[in-house]
Amino acid sequence: MEVQGKIKLIGETKTFGNNGFRKREVVVTTEEQYPQHIMIEFVQDKTDLLNSFQVGQPVKIGINLRGREWVSPQGETKYFNSIQGWRIENLQADQSAGGENVPPPDNFEPANNLNEEDYDDLPF
């Protein structure tokens, strides 16, 4: 699954427990009729993927939905969901790179070697 939008917030990397579990959160605002602010967490070595991104950048994030069950000491069962990111792409670079190799129409030479007497057998 993927989420697209602009980065609203990038959190600091936090470390938990004795094993050094790392987590970093990013909030992306979708660009649709009713924009949503979606918090996505990157864990362990994936936290470093956010280092080169800034607030305001348009991005596409590859995500996995995660769910877990927790039973309290009183025996009550609860369920928790999270959205985990595993890839992030800068959409701004993709859009600008698409047309860079093609010069504007004004830079093309006009065709001077047309022969009006050549038979054109194209069906349209």
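Residues numbered from 1 in each chain as written. Predicted model: local features only at pLDDT ≥ 70, side-chain atom pairs only at ≥ 80, totals over all residues. Heavy atoms only, no water.

## A look at the overall build of the chain
- Per the secondary structure count, the chain includes 1 helix and 6 strands.
- Along the chain, helices and strands appear, N-terminal first, in the series β-β-β-β-β-β-α.
- Counting all 124 residues of the chain, 23% fall into the buried class.
- Within the chain, counting contacts between residues at least 6 apart in sequence, those at least 24 apart form 51% of the total. (Helix = DSSP H or I, 4+ residues; strand = E, 2+ residues; numbered from the N terminus. Buried < 20%, exposed > 50% of the residue type's maximum accessible area, 1.4 Å probe, protein only. Contact = heavy atoms within 4.5 Å.)

## Let's talk about the nonpolar core
- By size, the foremost hydrophobic cluster in this structure holds 12 residues: Val 3, Ile 7, Val 26, Val 28, Ile 40, Phe 42, Leu 50, Phe 53, Val 59, Ile 61, Ile 63 and Ile 88.
- Here this core takes 3 residues from strand S5 (residues 58-71), the largest share from any one element.
- Aside from chain neighbours lying at most four places away, what touches Phe 42 is Arg 22, Lys 23, Arg 24, Val 26, Thr 47, Leu 49, Leu 50, Ile 61, Gly 85, Trp 86, Arg 87 and Ile 88. (Core = buried A, V, L, I, M, F, W, Y, C linked by side-chain atoms within 4.5 Å.)

## Re the confidence of the model for the chain
- Per-residue confidence for the chain gives a mean pLDDT of 85; residues scoring 70 or more make up 74%.
- Looking across the chain, the model is least confident in helix H1 (residues 91-98), with a mean pLDDT of 60, and most confident in strand S4 (residues 37-43), with 97. (pLDDT = per-residue confidence, 0-100.)

## Focus on the environment of Ile 38
- One can find Ile 38 in strand S4.
- Separated by 10 residues in sequence, Ile 38 and Val 28 have C-alpha atoms that sit 5.3 Å apart.
- Once residues within four sequence positions are removed from consideration, Ile 38 is found in contact with Val 3, Val 26, Val 27, Val 28, Thr 30 and Ile 83.

## Overview of the environment of Gln 33
- Within the fold, Gln 33 resides in the loop between strand S3 (21-29) and S4.
- The class for Gln 33 is exposed, based on a relative accessible area of 66%.
- Among the polar contacts made by the side chain of Gln 33, one reaches the side chain of Tyr 34 at a distance of 3.4 Å. (Polar contact = N/O pair within 3.5 Å; in protein donor to acceptor, adjacent residues only side chain to side chain.)

## Considerations on the pattern of salt bridges
- Counted by the stated rule, this structure contains 5 salt bridges.
- Ionic pairing is found between Arg 87 and Glu 2, a salt bridge with its closest N-O pair at 2.7 Å. Taken together, the residues span a long stretch of sequence, with Arg 87 in strand S6 (residues 77-90) and Glu 2 in strand S1 (residues 2-10) at a distance of 85 residues.
- The partly exposed category is assigned to Arg 87, whose relative accessible area is 26%.
- Among the residues examined, Glu 2 registers a relative accessible area of 45% and is labelled partly exposed.
- Members of the salt-bridge network, linked through shared partners, are Glu 2, Arg 87 and Glu 89. (Salt bridge = Lys/Arg side-chain N within 4 Å of Asp/Glu carboxyl O.)

## Quick look at unusual backbone geometry
- Phi at Gln 44 takes a positive value of approximately 50 degrees, unusual for a residue other than glycine.
- Following the sequence through the fold, Gln 44 ends up in the loop between S4 and S5.

## Re the pairing of S3
- Here 4 bridges tie S1 to S3, and the two strands are oriented antiparallel to one another. The partner of Lys 6 across the bridge, within S3, is Thr 29.
- Pairing of strand S2 (residues 14-16) with S3, which is carried by 3 bridges, proceeds in the antiparallel orientation. Its bridge partner lying in S3, Phe 16 is registered against Phe 21.
- In this structure, the hairpin formed by S2 and S3 is closed by a connection of 4 residues, where Gly 17 is found at a positive phi of approximately 70 degrees.
- Here 7 bridges tie S3 to S4, and the two strands are oriented antiparallel to one another. Counted as the bridge partner of Val 27 is Met 39 from S4. (Pairing = 2+ DSSP bridges.)

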